[in-house]
Amino acid sequence: MARQPPPPWVHAAFLLCLLSLGGAIEIPMDLTQPPTITKQSAKDHIVDPRDNILIECEAKGNPAPSFHWTRNSRFFNIAKDPRVSMRRRSGTLVIDFRSGGRPEEYEGEYQCFARNKFGTALSNRIRLQVSKSPLWPKENLDPVVVQEGAPLTLQCNPPPGLPSPVIFWMSSSMEPITQDKRVSQGHNGDLYFSNVMLQDMQTDYSCNARFHFTHTIQQKNPFTLKVLTNHPYNDSSLRNHPDMYSARGVAERTPSFMYPQGTASSQMVLRGMDLLLECIASGVPTPDIAWYKKGGDLPSDKAKFENFNKALRITNVSEEDSGEYFCLASNKMGSIRHTISVRVKAAPYWLDEPKNLILAPGEDGRLVCRANGNPKPTVQWMVNGEPLQSAPPNPNREVAGDTIIFRDTQISSRAVYQCNTSNEHGYLLANAFVSVLDVPPRMLSPRNQLIRVILYNRTRLDCPFFGSPIPTLRWFKNGQGSNLDGGNYHVYENGSLEIKMIRKEDQGIYTCVATNILGKAENQVRLEVKDPTRIYRMPEDQVARRGTTVQLECRVKHDPSLKLTVSWLKDDEPLYIGNRMKKEDDSLTIFGVAERDQGSYTCVASTELDQDLAKAYLTVLGRPDRPRDLELTDLAERSVRLTWIPGDANNSPITDYVVQFEEDQFQPGVWHDHSKYPGSVNSAVLRLSPYVNYQFRVIAINEVGSSHPSLPSERYRTSGAPPESNPGDVKGEGTRKNNMEITWTPMNATSAFGPNLRYIVKWRRRETREAWNNVTVWGSRYVVGQTPVYVPYEIRVQAENDFGKGPEPESVIGYSGEDLPSAPRRFRVRQPNLETINLEWDHPEHPNGIMIGYTLKYVAFNGTKVGKQIVENFSPNQTKFTVQRTDPVSRYRFTLSARTQVGSGEAVTEESPAPPNEAYTNNQADIATQGWFIGLMCAIALLVLILLIVCFIKRSRGGKYPVREKKDVPLGPEDPKEEDGSFDYSDEDNKPLQGSQTSLDGTIKQQESDDSLVDYGEGGEGQFNEDGSFIGQYTVKKDKEETEGNESSEATSPVNAIYSLA
């Protein structure tokens, strides 16, 4: 959180203002005046040949000036050249090539003249040049043959262009040439090798020139290198070797300079330009370059090192930068130095540039033209474009070297004077007119202006005026008579009044009065003082994790008469308020903070008069950036040192580095974790396996998450060896009853140790002395066929590659395929009481595999009735089970089988013993099936049928049978009754048969029989039950006629008849 100072432009504007306050007074354009050049082209004007040519020249004056040009110091007749024209009311030349013509024909030195009746002004001498981008000359380049370790320079020699082209080196396939302290491009465009290595043959080298105006690139035919070496193999494994040169058989040597040559040289630079010193050295190992200045230090504020310390650049050179500089090239074999003597020269530069001179008739004045340079420049005066010595004599004018003195000036003295100062490095040309006017004072700004200012600020009240002689100006406040000057006020030459610190009492009306001998003029300015804008609750620095919400406060107090605007900057640029941000009057909220949101946030509270700034920094904790520049060193057969440069931790310290590797034989493109290291290290020795073509990458981890993986390192292959281990997880299992499948986990790239990894598989039956069977397998399984069922085998799997076999493996026991087991032995069923039944059994004689359990199925039955089957599963070790009976009558049938992976085997079945009362129950239950019982029932049914027929016959003859007797069984509350006391007996068809009930568990329960005859009456229909017995439904009614006649005769019912027969 910080309150910001005013932005730099405020200071710059104020400085500009102060400079203008002391500047020359301008003549209003409505008054006559000599010409003044306002715009012109650069002294060195380079143009694009594809475009029309413009040479600018603009001027003002009253009357408006006319223009003409010279070319190469001779009058340039524009009217005679149809391609050349001059813009209206301007001196700008336009040369048009749309209808043809060559731009090169117009090259030369041009100068513009602007003239009216009061004088002539001149432009600079403009040198017009047409840009050139010539083609590279065709050449056939032979291969460059060089010994490894020797220095080499590939020369570019680009074609001369205007301006000079930009040089860069690439391969013929347009890949940039990697440069470092060993291989780099010099300022002259050549490519320097401090020492050549075998790897430099892997590409060719082509110099390219890019031309500015045409935007074209010219490419030179490529160089190819042929490097002679003593060590042509395994280059990648030695590239980063700590003693790479001796490992490759390259002789070490002391440094020597490739550029510049020798031990000393000199260089000249112009004041204000950049000084570039360069030293390129050869040597083995590659030398390091250091820079020094004799008798002093390098200018730290202007000096910077370039091109891997091979170049020293000093910007904006001044005379103090001259002297002796030397570069020191050193390696472990020695060092050498080269001294460069620097001389600083200077083109002319102004000390006192002449300014326009405005005089009244009879006044005195002077023009001053002072310049410096190295060598000392000469000064030449001209008037209206002609040398002063050839101009008509003027008794009121005196030339004294770099000064012209005017005395008792008259109207005839009006003219434009030119001062030309030059030396061998350049020239300066300045125009300054002498204007003789007789003008009373006049105000040049609008009258009665309102100026609003902020309390305690510095401010300026302008009062532009003109007059000749130059008027004097005084300021007054609120009509008071005292002149405002001194103390808190200061009046400048141009009439502006500066108030150094505004207070409330400074508010009021200010009057400026300009006076000369010809009169006076005045103007008024009203000043209002406003309260400053202040941020009283500023945003605070915050640290946020990615994805969270952040709020930055900004509460402002301002003058209520001014309109307030609050805006935000991010990293000093206007903030785009996207959909993740919400801007309110007093805060800024950021939702779902991301890494890109990190930075400085500035609240800008502004009115039309002032502003206040407050800045806070938002730190976003993010995942680290990826490590970079992986390098392999200390290469050995079984280890290598990996070094990397950590990426930005993004405000959360790196806690760990994970090193991963990839190999291109077994799983190309798949990365595996190799090792993990603390976040404080950036180098580690990695243990390696034989015969692996390694490639490494590094991932950084902090509390927020993991970085993206680094770019992979170069590859490094280790030499091969016999395997040091055998495959793991060896198993032998049958997939069918007559086979055994042997499987194992294949070895990976880091355990193969050599090419053509294969496996020697051996097996034999356990506890036999038969010979081992063996086979060589390239995969990870082998199936042994024609095996007995579930027999143990000894199994061995041994790794082998082209370098040899692995260690002797341990034996593993496997089994051939399983089959269904035989039935459990000695299945016993015991019933100690009427509530429980105990079951026991022994394991099968032939399991034929791994027993996984037993399945018991049992069901209750009673005669022909069978209950629901129940299934129980047991573990392979259980051989007992107890069944809880649900009733004492039913018996149980049990079926037991054993299970293997294949399924359930042969089953054994047993029944529970009969309970003690089962014989009686069976006899009672079987009566209904006896022949004699069926015959008796049929006889009774026949007798009842005969009686019914007899009754029917009697009724048809008019017989009446009044009901005299009621059933002896007492009536229930549900029995229906007639009004006369008769009642009905009914046997509903949907009632269940009484005599037996079925329990919920499926067992049969015996119940007592409650047989009875069913009452019947007139109109009933006879029915037979399932057992042949007759069931009737009759309704007994009282005859209405007999009731009316009080008859008491009684008819014998069929039920009574049955009773009488009994």
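Predicted model only: the values in this text are computed from it and were never measured.

(A) Examining the overall build of the protein more closely. The number of helices and strands found in the protein is eight helices and 86 strands. Sorting the 1062 residues of the protein into buried and exposed places 42% on the buried side. By sequence separation, contacts in the protein at least 24 residues apart represent 65% of the contacts at least 6 residues apart. Taken as a whole, the protein presents about 57900 Å² of accessible surface, with 49% of it coming from carbon and sulfur.

(B) A look at the sheet that holds strand β46 (residues 508-516). Across the sheet, which stays open at both edges, the four strands sit in the order β40-β47-β46-β43 with mixed pairing between neighbours. Strands at the two margins of the open sheet, each flanked by one partner only, are β40 (449-454) and β43 (472-477). In this sheet, adjacent strand axes meet at a mean angle of 25° when their direction is disregarded. Pairing of β43 with β46, which is carried by six bridges, proceeds in the antiparallel orientation. Across the sheet, L473 pairs through a bridge with A514, a residue of β46.

(C) Spotlight on a nonpolar patch on the surface. Together, L942, L945, I946, I949, V950, F952 and I953 make up a nonpolar patch on the protein surface, roughly 660 Å² of accessible area in all. For I946, the position within the fold is in helix α6 (residues 931-956).

(D) Just the state of the cysteines, in detail. Taken as a whole and judged by the stated rule, the model has six disulfides. The disulfide bridge from C156 ends at C207, spanning 1.9 Å between sulfur atoms. Between C156 and C207, the disulfide has an S-S torsion of -70° and is therefore left-handed. Remark: C207 occurs in strand β18 (residues 206-211) and C156 occurs in the loop between β14 (152-154) and β15 (166-170); sequence separation between them is 51 residues.

(E) Just the confidence of the model for the protein, in detail. Predicted confidence across the protein gives a mean pLDDT of 85, with 85% of residues reaching 70 or more. Mean pLDDT values over the elements of the protein span from 35, in strand β86 (residues 1034-1035), up to 97, in strand β17 (residues 191-193). Every residue in residues 919-925 is under pLDDT 50, and counting partners more than four places away or in other chains gives two contacts.

(F) Expanded view of the sheet that holds strand β62 (residues 683-687). Strand order in the open sheet formed by three strands is β58-β59-β62, with antiparallel pairing between adjacent strands. Because the sheet does not close on itself, it has two edges, and the strands there are β58 (628-633) and β62. Between one strand axis and the next, the sheet turns by 25° as a mean value, whatever way the strands run. As defined by bridge partners, β58 adjoins strand β59 (residues 639-645) across four bridges and the pair is classed as antiparallel. Considered in β59, the bridge of R628 is made with I645.

(G) Inspection of the side chain of D506 at higher detail. As for its placement among the helices and strands, D506 is situated in the loop between β45 (497-499) and β46. A relative accessible area of 2% places D506 in the buried class. Among the polar contacts made by the side chain of D506, one reaches the main-chain amide nitrogen of R503 at a distance of 2.8 Å. Once you skip the residues sitting within four places of it in the chain, D506 turns out to touch K477, N488, Y489, I499, M501 and L527.

(H) Structural detail: the pattern of salt bridges. Under the criterion given, the structure shown has 52 salt bridges. Residues D802 and R758 are paired through a salt bridge, measuring 3.2 Å at the closest nitrogen-oxygen approach. Here the residue D802 occupies a position in the loop between β70 (792-801) and β71 (804-805), and R758 occupies one in strand β67 (residues 758-765), the gap between them amounting to 44 residues. Classification of D802 as partly exposed rests on a relative accessible area of 43%. What you see here is one network of salt bridges that share partners, running through R826, R828, R830, E840 and D842.

(I) Molecular detail of the packing of aromatic side chains. As enumerated under the stated definition, the model contains 19 aromatic pairs in all. Between the aromatic rings of F874 and F881, the centroid separation amounts to 4.9 Å while the plane-to-plane angle is 45°, which identifies the pairing as tilted. Owing to a relative accessible area of 18%, F881 belongs among the buried residues under this scheme. Taken together through their ring pairs, the aromatic side chains of F827, W841, Y854, F874 and F881 make up a single cluster. Just above the ring of Y349 sits the side chain of R271; from NZ or CZ to the centre is 3.8 Å. The residue whose ring lies beneath R337 is F326, and the NZ or CZ to ring-centre distance is 3.6 Å.

(J) Spotlight on the nonpolar core. Within the largest apolar cluster, 52 residues are counted, with the highest numbers of intra-cluster contacts made by W69, W475 and Y510. The element that contributes the greatest number of residues to this core is strand β47 (residues 519-530), accounting for four residues. With 21 residues, the next largest nonpolar core counts W136, F193, C207 and L225 among its residues.

(K) Fine view of the environment of V797. Inspection of the secondary structure assignment puts V797 in strand β70. According to the relative accessible area criterion, V797 is buried, its value standing at 3%. Taking C-alpha positions, V797 is 7.1 Å from N726, a pair spaced 71 residues apart along the chain. Once residues within four sequence positions are removed from consideration, V797 is found in contact with N726, P727, V730, I742, W744, Y759, I760, V761 and P809.

(L) Expanded view of the pairing of strand β19 (residues 216-219). Bridging between β18 and β19 involves four bridges; their strand directions are antiparallel. Of the residues in β19, the one forming a bridge with N208 is Q219. Once β18 ends, the chain turns through four residues before running back antiparallel as β19, passing H215 with a positive phi of about 55°.

(M) Geometry of the pairing of strand β66 (residues 739-745). Most of β66 is tucked away: five of the seven residues are buried. In terms of strand pairing, strand β65 (residues 728-733) meets β66 through four bridges, oriented antiparallel. In the sheet register, G728 faces β66, and the bridge partner there is T745. Between β65 and β66, which pair antiparallel in sequence order, lie five residues. Of the strand pairs in this sheet, β66 and strand β69 (residues 781-785) are connected by five bridges, and their pairing is antiparallel. Among the inter-strand pairings, M740 is bridged to a residue of β69, identified as V784.

(N) Expanded view of the side chain of R899. Tracing the sequence through the fold places R899 in strand β79 (residues 891-899). Of the side chains bearing the opposite charge, E872 lies closest to the buried R899, which forms no salt bridge; the N-O distance is 10 Å. A distance of 2.9 Å separates the side chain of R899 from the backbone oxygen of Y854, its partner in a polar contact. At 3.2 Å, the side chain of R899 forms a polar contact with the side chain of N873. If near-sequence neighbours (up to four positions away) are discounted, R899 is found in contact with P821, I850, M851, I852, G853, Y854, T855, N873, F874 and S904.

(O) View of the environment of G785. As for its position among the elements, G785 is in strand β69. For G785, a relative accessible area of 46% puts it in the partly exposed group. Between the alpha carbons of G785 and M740 there is a distance of 6.6 Å; along the sequence they are 45 residues apart. For G785, the contacting residues outside a window of four places in its chain are N738 and N739.

(P) Focus on unusual backbone geometry. Residue P63 is bonded to the preceding N62 through a cis peptide linkage, with omega at 5°. Summarising the element assignment, P63 is placed in the loop between β5 (57-62) and β6 (66-71). For the bond from Y259 to P260, the omega torsion is -10°, close enough to zero to count as cis. Inspection of the secondary structure assignment puts P260 in the loop between β21 (253-259) and β22 (264-270). Even without glycine at this site, M174 takes up a positive phi of about 65°. Its place among the elements puts M174 in the loop between β15 and β16 (183-185). Backbone geometry places Y691, a non-glycine residue, at a positive phi of 55°. Mapped onto the elements, Y691 comes out in the loop between β62 and β63 (693-701). Since its relative accessible area comes to 22%, Y691 is described here as partly exposed.

So, how was this worked out
Residues numbered from 1 in each chain as written. Predicted model: local features only at pLDDT ≥ 70, side-chain atom pairs only at ≥ 80, totals over all residues. Heavy atoms only, no water. Helix = DSSP H or I, 4+ residues; strand = E, 2+ residues; numbered from the N terminus. Buried < 20%, exposed > 50% of the residue type's maximum accessible area, 1.4 Å probe, protein only. Contact = heavy atoms within 4.5 Å. Areas by Shrake-Rupley, 256 points an atom, 1.4 Å probe, with all protein chains shown as cover. Pairing = 2+ DSSP bridges. Axes fitted to C-alpha atoms, helices over the stretch in contact; angles between N-to-C directions. Patch = residues over 30% accessible without salt bridge, like charges linked within 9 Å, V, L, I, M, F, W, Y side chains within 5 Å. Salt bridge = Lys/Arg side-chain N within 4 Å of Asp/Glu carboxyl O. Disulfide = S-S within 2.5 Å. pLDDT = per-residue confidence, 0-100. Polar contact = N/O pair within 3.5 Å; in protein donor to acceptor, adjacent residues only side chain to side chain. Phe/Tyr/Trp six-rings, centres within 6.5 Å; stacked < 30°, edge-to-face > 60°. Lys NZ or Arg CZ within 6 Å of the ring centre and 35° of its normal. Core = buried A, V, L, I, M, F, W, Y, C linked by side-chain atoms within 4.5 Å. Lys, Arg positive; Asp, Glu negative; His and termini not counted.

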